Amino acid sequence: MIRKLLLLLSPPSLLLLFIYAFIFCGYSAIASKVPHQCIKQRSASGDVDKRHDVIAIGNAVRDHMYLFDSNEDAEKALLYAVAHKDNAPDILSRTSSKAWDDAGGVAANTVADIALLGGDATFLYSTSSDKESSFFQNHMRKMHVNAIPHFSKDSYICDIDIVVRRGGSSEIIVRDGCSDKIADSALNWNNIKNYRMFVIEGYLLSDEGFQQQIIPLVEKVRQHEVEVVLLAGNSASVTKNKAAYLKLLPHVDYLAGSEDAILALDDSRDEDPTIEDVAISMMKDVGVLIAIRSNNTALVVEKAGAEDLCGSASHDAFHCMNHQINLIYIAHSSMYDLLDDTGSRDAFVAGFLYGRLRGLSVTESSHLGNKYNTYISKRFGTKAHDNLYQEVCYKKK
């Protein structure tokens, strides 16, 4: 025993121990210099946050995509399909040069993009049919999303026809409308609290039962440091359910939607309010607001923290108002480079949220959202660049 101890204390053994210690310390020093956005976020207590990234609830949609050789052909087919809505799928499939089906929906697209960027995503939806659910579930899993159906007799997966124009806006034809319902079994706060971000699709607010359950649910999960994101529906849906939106807003951290949808939430009596005015007025309720504007830009508004950010970094389009509100204007991809804008709004929001999940600032996350939106706008469909997250993690400061 003493002999073994003497061997351990011999000069060669001590040298080896010194080398091992040097390697370990060197590795720790290198690891400490890895950009913060590549490391798991920490909770308020300072412990590494081991929770999953994001969970979302929303409508499950089956997108029927139709691509035409020319915009003229697309316009003719679209006009005829709208006039003969019952026969739209047959008309569009016969006249298009290419047709394919995909899983879709506002919240579903957003979490799918987050997953393709490298996030850990789960999507909860309701349906009454195993057959229609299997298509949606399989397509979401191909995009690395854990899609979990909750069966309800009042729910169904809706079908949407999308006419894709080359270099322009896509047109959407909703066949029968979506059920806008989520089964009660999906609203389990014990599951949701295991995620760092909870995404809610605004279309669900048309269901009175959901309206009654969502605020108590959100209050519970926020006590566990879960950030809440509300994705606004279209302007018609927001207008119809405006009261429900306004009740929920004080309980969310992020609000995202089109410019028209955000304007529909205006509670002032101004005859012609600007999107900037409406966004700033909503800062009393939400922490960050994202408005995707009709002029191909995004407006991101953030409550200023304890430090005034007006003098930080070199962002030309970065403005500060009253040292309390930060406005960030982000340009989308150039219209000259635009190939297909299908899902581009969802892509911007997904890139932004992924940046926040990885510890980026609101400004940095906005630029990531723009980068991701630009990428998919130059391709048909909504497929992501699987390695884009590496550009975020290893970007030079």
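The text that follows walks through the structure, step by step, so that each part is easy to find.

The rules behind these values
- Residues numbered from 1 in each chain as written.
- Predicted model: local features only at pLDDT ≥ 70, side-chain atom pairs only at ≥ 80, totals over all residues.
- Heavy atoms only, no water.
- Helix = DSSP H or I, 4+ residues; strand = E, 2+ residues; numbered from the N terminus.
- Buried < 20%, exposed > 50% of the residue type's maximum accessible area, 1.4 Å probe, protein only.
- Contact = heavy atoms within 4.5 Å.
- Areas by Shrake-Rupley, 256 points an atom, 1.4 Å probe, with all protein chains shown as cover.
- Core = buried A, V, L, I, M, F, W, Y, C linked by side-chain atoms within 4.5 Å.
- Pairing = 2+ DSSP bridges.
- Expected span 1.5 Å × (residues − 1).
- Salt bridge = Lys/Arg side-chain N within 4 Å of Asp/Glu carboxyl O.
- Patch = residues over 30% accessible without salt bridge, like charges linked within 9 Å, V, L, I, M, F, W, Y side chains within 5 Å.
- Lys, Arg positive; Asp, Glu negative; His and termini not counted.
- Charge placed at Lys NZ, Arg CZ, Asp CG, Glu CD.
- Phe/Tyr/Trp six-rings, centres within 6.5 Å; stacked < 30°, edge-to-face > 60°.
- Lys NZ or Arg CZ within 6 Å of the ring centre and 35° of its normal.
- Axes fitted to C-alpha atoms, helices over the stretch in contact; angles between N-to-C directions.
- Parallel < 35°, antiparallel > 145°, perpendicular 65-115°, else oblique.
- Left-handed = near helix turned anticlockwise from the far one by under 90°.
- Nonpolar A, V, L, I, M, F, W, Y, C, P; charged D, E, K, R; others polar.

### Here we look at the overall build of the chain
Across its full length, the chain holds 15 helices and 14 strands. With 397 residues in all, the chain has 49% of them scored as buried. Of the contacts made within the chain by residues no fewer than 6 positions apart, 71% connect residues no fewer than 24 positions apart. Of the roughly 20,000 Å² of accessible surface on the chain, a fraction of 53% belongs to carbon and sulfur atoms.

### Description of unusual backbone geometry
In this structure, H144 is a non-glycine residue whose phi angle is positive, near 70°. Topologically, H144 is positioned in the loop between α6 (130–142) and β5 (145–151). The phi dihedral of E225 is positive, around 60°, even though this residue is not glycine. For E225, the position within the fold is in the loop between α8 (208–222) and β9 (227–231). Classification of E225 by relative accessible area gives partly exposed; the value is 40%.

### Concerning the nonpolar core
Grouped together as the largest cluster of nonpolar side chains are 44 residues, with contacts concentrated most on F123, F136, M140 and L353. Looking at this core, the element that brings in the most residues is helix α13 (residues 344–357), giving eight residues. Once residues lying within four places of it in the same chain are set aside, the contact partners of L353 are T110, I114, M197, V199, V229 and Y254. Of all hydrophobic cores here, the second largest spans 43 residues; its members include L124, F198, V252 and V286.

### Topic: the pairing of strand β11 (residues 288–292)
With five of five residues buried, β11 is to be regarded as a mostly interior element. Going residue by residue along β11, you find V288, I290 and I292 tucked away on one face and L289 and A291 tucked away on the opposite face as well. With five bridges joining them, strand β10 (residues 254–258) and β11 adopt parallel strand pairing. From the neighbouring strand, L255 faces β11, where its bridge partner is L289. Taken together, the five bridges between β11 and strand β12 (residues 297–303) define a ladder with antiparallel strand orientation. When the sheet's bridge partners are listed, V288 is paired in β12 with E302.

### Thoughts on α8
With 15 residues, α8 should cover 21 Å at 1.5 Å per step; its first-to-last C-alpha distance of 22 Å lies within 8% of that length. Those residues of α8 lying buried are F210, I214, I215, L217, V218 and V221. Considering only its buried residues, α8 is in contact with β1 (52–57), α7 (189–192), β8 (195–201), β9 and α10 (242–248).

### Thoughts on the pattern of salt bridges
Tallied over the entire structure, the rule returns nine salt bridges. Measuring nitrogen to oxygen at the nearest pair gives 3.0 Å for the salt bridge that ties D253 to R222. One end of the pair, D253, is in the loop between α10 and β10; the other, R222, is in helix α8, and 31 residues separate them in sequence. Judged by relative accessible area, which is 18%, D253 ranks as buried. Residue classification places R222 among the partly exposed residues on the basis of a relative accessible area of 33%. Note that D285 and K284 form a salt bridge whose closest N and O atoms lie 3.8 Å from each other. Its relative accessible area of 21% is what places D285 among the partly exposed residues. Judged by its relative accessible area of 62%, K284 falls in the exposed class. Salt bridges sharing common partners tie together D53, R196 and R358.

### Quick look at a negative patch on the surface
Taken together, the side chains of D270, E271, D272 and D277 make up a negatively charged region of the molecular surface. Within the secondary structure layout, D272 lies in the loop between α11 (259–264) and α12 (275–281). By relative accessible area, which is 68% here, D272 ends up exposed.

### Structural notes on the packing of aromatic side chains
Taken as a whole and judged by the stated rule, the model has four aromatic pairs. Measuring from centroid to centroid gives 6.0 Å for F123 and Y125, while their planes differ by 15°, and the two rings are stacked. Taken together, the ring pairs in this structure connect F123, Y125 and F136 into an aromatic cluster. Taking NZ or CZ as reference, R62 lies 3.6 Å from the ring centre of F135, over its face. Lying over the aromatic face of W100, K98 brings its terminal NZ or CZ to 5.2 Å of the ring centre.

### Structural notes on the packing of helix α3 (residues 71–83) against helix α4 (residues 88–95)
Their axes nearest at 8 Å, the elements α3 and α4 cross at an angle of 165°. By the angle between their directions, the pair α3 and α4 is classed as roughly antiparallel. Seen from above, α3 lies across α4 with right-handed handedness. Between α3, through A77, Y80 and A81, and α4, the contact on the second element is made entirely by A88, I91, L92 and T95. Of the residues assigned to the contact of α3 with α4, the class counts are six nonpolar, one polar and no charged.

### A word on the environment of H139
As for its position among the elements, H139 is in helix α6. H139 sits 37 residues away from D102 along the chain, and the two C-alpha atoms are 6.8 Å apart. Look past the residues within four positions of H139 in its chain and what remains in contact with it is D101, D102 and A103.

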